[in-house]
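One-letter residues, chain by chain:
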Amino acid sequence: MSSARYEYLLRLGDNALILSQRLGEWCGKGPALEEDMALTNNALDLLGQARLWLSLAAEEAGDGADEDTLAYLRDDREFRNVLLVEQPNGSYADTLARQFLFDAWSSLVLRRLLASSDPAIAAIAEKAVKEVSYHLRRSSDLVVRLGDGTALSHAMLQGAIDKVWPYHHELFIGDAIDAEMVASGIGFDPEHLKDEWLAYVREVLNEATLKVPAAGGWMPKGGKQGLHSEHLSKLLAEMQTLQRSHPGASW
Amino acid sequence: MNPAVVMPSLDQVWAWLAEVPDPEIPVISITDLGIVREVRYDGDQLVVTVTPTYSGCPATEVIAAMIQEAMAAHGIANAKMETRLSPAWTTDWLTPEAKAKLHDYGIAPPVGLAANEQRIDISRLSRRVPDAPVVVCPRCASTNTEMLSQFGSTPCKSLYRCKSCREPFDYFKCH
């Protein structure tokens, strides 16, 4: 059941699902009404993308699973999202820094998948890349506004970028699943995205008068293989509680 | 197959579909919106192919149910719904009538073509963003407007304000 394509689809779907859940936590608590709406709309786009990826994963598994059982009935070790997206929301600066680094990477991922030899994957990428490009424009604009804003917003955003920075390394580390996807023409080598990602992030941070953190340092990884921080377990406890307590509940 | 049942022509089906309103913006129909991509018969079963506007648009499922209901009302009980993701929906598919109806309803229609916008930055990430479109206030026709938020009340809209008449309004994003 656990084919490489299944694992690959879980990674794509879980990144979108977990970040969507994180953004949804801001609902009703955004710093301004417009920001509240923007975050939840962003979450909605990601949730839609997660459904598309996970439905395809369920189809690949062919064991009676569907998008809902994959979202609600897997344990933390079975999730394949990168560590970046499970990081807690923190302050608005923390949420924005996480979103900006993710949007830039996700845009590149989806652009690569447009050329996938797998037509179902290419079709989802075609749909999602338009949405994520819009997210990236928004998060980039906000990074510039707050970075090049007041002394306080500048300091908060620099602190947030520094804090979330170690989690970008994992985005560019390939493993055996990635290698298999490259060989079959379905996927790409994640390492090949790094230069362009870094060039873009640097351009925006420069414009925002923010510093790009030094290279090297702590490189947490393992999310893609199911090794997560405790943050994910708590997120799942909340997200899954209804289906765990009342299996099959619907309304 | 029941020989007594006469299958309505596809033109007739399209005309019926043109009467199904968008659940969130009821002044335009689902065919105005350009989301109905194909109508065909598979044997004696009608198949309607729809493409979603945005991946997470909550109206997608409501629209599918409304289509089946409308078809059932015209005697087609077993209409099958199919989803097509590629080519991805674009506001370039909005009919000119739809744009006029949006405007009259108080929503500024998309300015320009999404296809032109994407030609700019599809190959690599670029910080160069296309010039912001001049969005005309649907109430007073002033071009002195500003964006308040990239996202509005639904995924397909952003929020604007007219600096002449001071009224806020929705802009149907070019997508």
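Worth saying up front: this structure is predicted, and the values here are computed from it rather than measured.

Rules used throughout
- Residues numbered from 1 in each chain as written.
- Chains lettered and ligands numbered in written order.
- Predicted model: local features only at pLDDT ≥ 70, side-chain atom pairs only at ≥ 80, totals over all residues.
- Heavy atoms only, no water.
- Helix = DSSP H or I, 4+ residues; strand = E, 2+ residues; numbered from the N terminus.
- Rg over C-alpha atoms; globule rule 2.2 N^0.38 Å.
- Buried < 20%, exposed > 50% of the residue type's maximum accessible area, 1.4 Å probe, protein only.
- Contact = heavy atoms within 4.5 Å.
- Areas by Shrake-Rupley, 256 points an atom, 1.4 Å probe, with all protein chains shown as cover.
- Lys, Arg positive; Asp, Glu negative; His and termini not counted.
- Charge placed at Lys NZ, Arg CZ, Asp CG, Glu CD.
- Phe/Tyr/Trp six-rings, centres within 6.5 Å; stacked < 30°, edge-to-face > 60°.
- Lys NZ or Arg CZ within 6 Å of the ring centre and 35° of its normal.
- pLDDT = per-residue confidence, 0-100.
- Core = buried A, V, L, I, M, F, W, Y, C linked by side-chain atoms within 4.5 Å.
- Pairing = 2+ DSSP bridges.
- Buried area = accessible area lost by both parts, 1.4 Å probe.
- Salt bridge = Lys/Arg side-chain N within 4 Å of Asp/Glu carboxyl O.
- Nonpolar A, V, L, I, M, F, W, Y, C, P; charged D, E, K, R; others polar.

This part is about the overall build of chain A. If you tally the helices and strands in chain A, you get 10 helices and zero strands. For chain A, the N- to C-terminal ordering of α and β elements is α-α-α-α-α-α-α-α-α-α. For 251 residues, the compact-globule formula gives about 18 Å, and the C-alpha radius of gyration of chain A, at 18 Å, lands near that figure. Based on the C-alpha atoms only, the size of chain A along its principal axes is roughly 55 × 45 × 30 Å. Burial status across chain A gives 55% buried among its 251 residues. In chain A, 81% of the contacts between residues at least 6 apart in sequence involve partners at least 24 apart. Of the accessible surface of chain A, which amounts to about 10,400 Å², a share of 56% is contributed by carbon and sulfur atoms. Distance between charge centroids for chain A: 3 Å, based on 24 positive and 37 negative side chains.

What follows concerns the environment of Lys 101 of chain B. All names here are of chain B. Tracing the backbone shows Lys 101 in helix H3 (residues 96-105). A relative accessible area of 34% places Lys 101 in the partly exposed class. In sequence terms Lys 101 and Ser 29 are 72 residues apart; their C-alpha atoms lie 10.0 Å from each other. Non-local contacts of Lys 101, meaning those with residues more than four positions away in its chain, are made with Val 27, Ile 28 and Asp 32.

Moving on to the packing of aromatic side chains. For the structure on display, the rule yields 11 aromatic pairs over all chains. Centroid distance Trp 89 of chain B to Phe 172 of chain B: 6.5 Å. Interplanar angle 65°. Geometry classified as edge-to-face. Taken together, the positions of Trp 89 of chain B in the loop between strand E3 (80-83) and H3 and Phe 172 of chain B in strand E7 (residues 168-172) put the pair 83 residues apart, joining distant regions of the chain. By relative accessible area, which is 1% here, Phe 172 of chain B ends up buried. For the pair Tyr 160 of chain B and Tyr 171 of chain B, a centre-to-centre distance of 5.3 Å together with 70° between the ring planes defines the contact as edge-to-face. With a gap of 11 residues between them, Tyr 160 of chain B in strand E6 (residues 157-162) and Tyr 171 of chain B in strand E7 connect regions that are remote in the sequence. Of the two residues, Tyr 160 of chain B and Tyr 171 of chain B, neither departs from the other in class, the shared state being buried. Members of the aromatic cluster, joined through ring pairs, are Trp 165, Phe 172 and Trp 197 of chain A. Looking at Arg 74 of chain A, its charged tip hangs above the ring of Phe 79 of chain A, at a distance of 4.1 Å from the centre.

Atomic detail in the predicted coordinates should be set aside for any region of low pLDDT. All names here are of chain B. Scored by pLDDT, chain B comes out at a mean of 89, with 91% of its residues at no less than 70. Looking across chain B, the model is least confident in helix H4 (residues 114-118), with a mean pLDDT of 68, and most confident in helix H1 (residues 10-17), with 97. With a pTM of 0.93, the predicted complex shows an ipTM of 0.87.

In this structure, Phe 100, Leu 113, Val 143 and Trp 197 of chain A are the most contacted members of the largest nonpolar core, which totals 79 residues. Counting residues per element, this core draws most heavily on helix H5 (residues 92-113) of chain A, which supplies 13 residues. Leave out the neighbours within four places in its chain, and Phe 100 of chain A touches Leu 136, Ser 139, Ser 140, Val 143, Tyr 200, Val 201, Val 204 and Leu 205 of chain A. Ranked by size, the runner-up nonpolar core spans 30 residues in total, among them Leu 33, Val 39, Leu 94 and Cys 156 of chain B.

With that settled, consider the sheet that holds E7 of chain B. If you trace the four strands from one edge of the open sheet to the other, you get E4-E7-E6-E5 (chain B), paired in mixed fashion. At either margin of the open sheet sits one strand with a lone partner, and together these are strand E4 (107-108) and strand E5 (145-149) of chain B.

Okay, the interface of chain B and chain A next. Listed by partner, the interface residues are 36 residues for chain B and 34 residues for chain A. Between chain B and chain A, roughly 3,100 Å² of surface is buried when both sides are summed, and carbon and sulfur atoms account for 57% of that area. If you sort the residues of chain B by the area they bury against chain A, Leu 125, Arg 127 and Phe 151 of chain B come out on top, with a joint share of 30%. For the interface between chain B and chain A, the tally reads one salt bridge. Residue Glu 61 of chain B pairs with Arg 51 of chain A through a salt bridge whose shortest N-O separation is 3.0 Å. Contributing elements (two or more residues each) for the side of chain B that touches chain A: H4, E5 and E6 of chain B. Looking at the side of chain B that touches chain A, its residues break down into 15 nonpolar, 15 polar and six charged.

Here the focus is the pattern of salt bridges. All names here are of chain B. Using the criterion set out here, one finds 21 salt bridges over all chains in the structure. Between Lys 101 and Asp 32 there is a salt bridge, and its shortest N-O distance comes to 2.7 Å. Note that Lys 101 is positioned in helix H3 and Asp 32 in the loop between H1 and strand E1 (36-42), a separation of 69 residues in sequence. Of the charged contacts in the structure, one is a salt bridge between Lys 80 and Glu 82, with a shortest N-O distance of 3.5 Å. You can call Glu 82 partly exposed: its relative accessible area is 25%.

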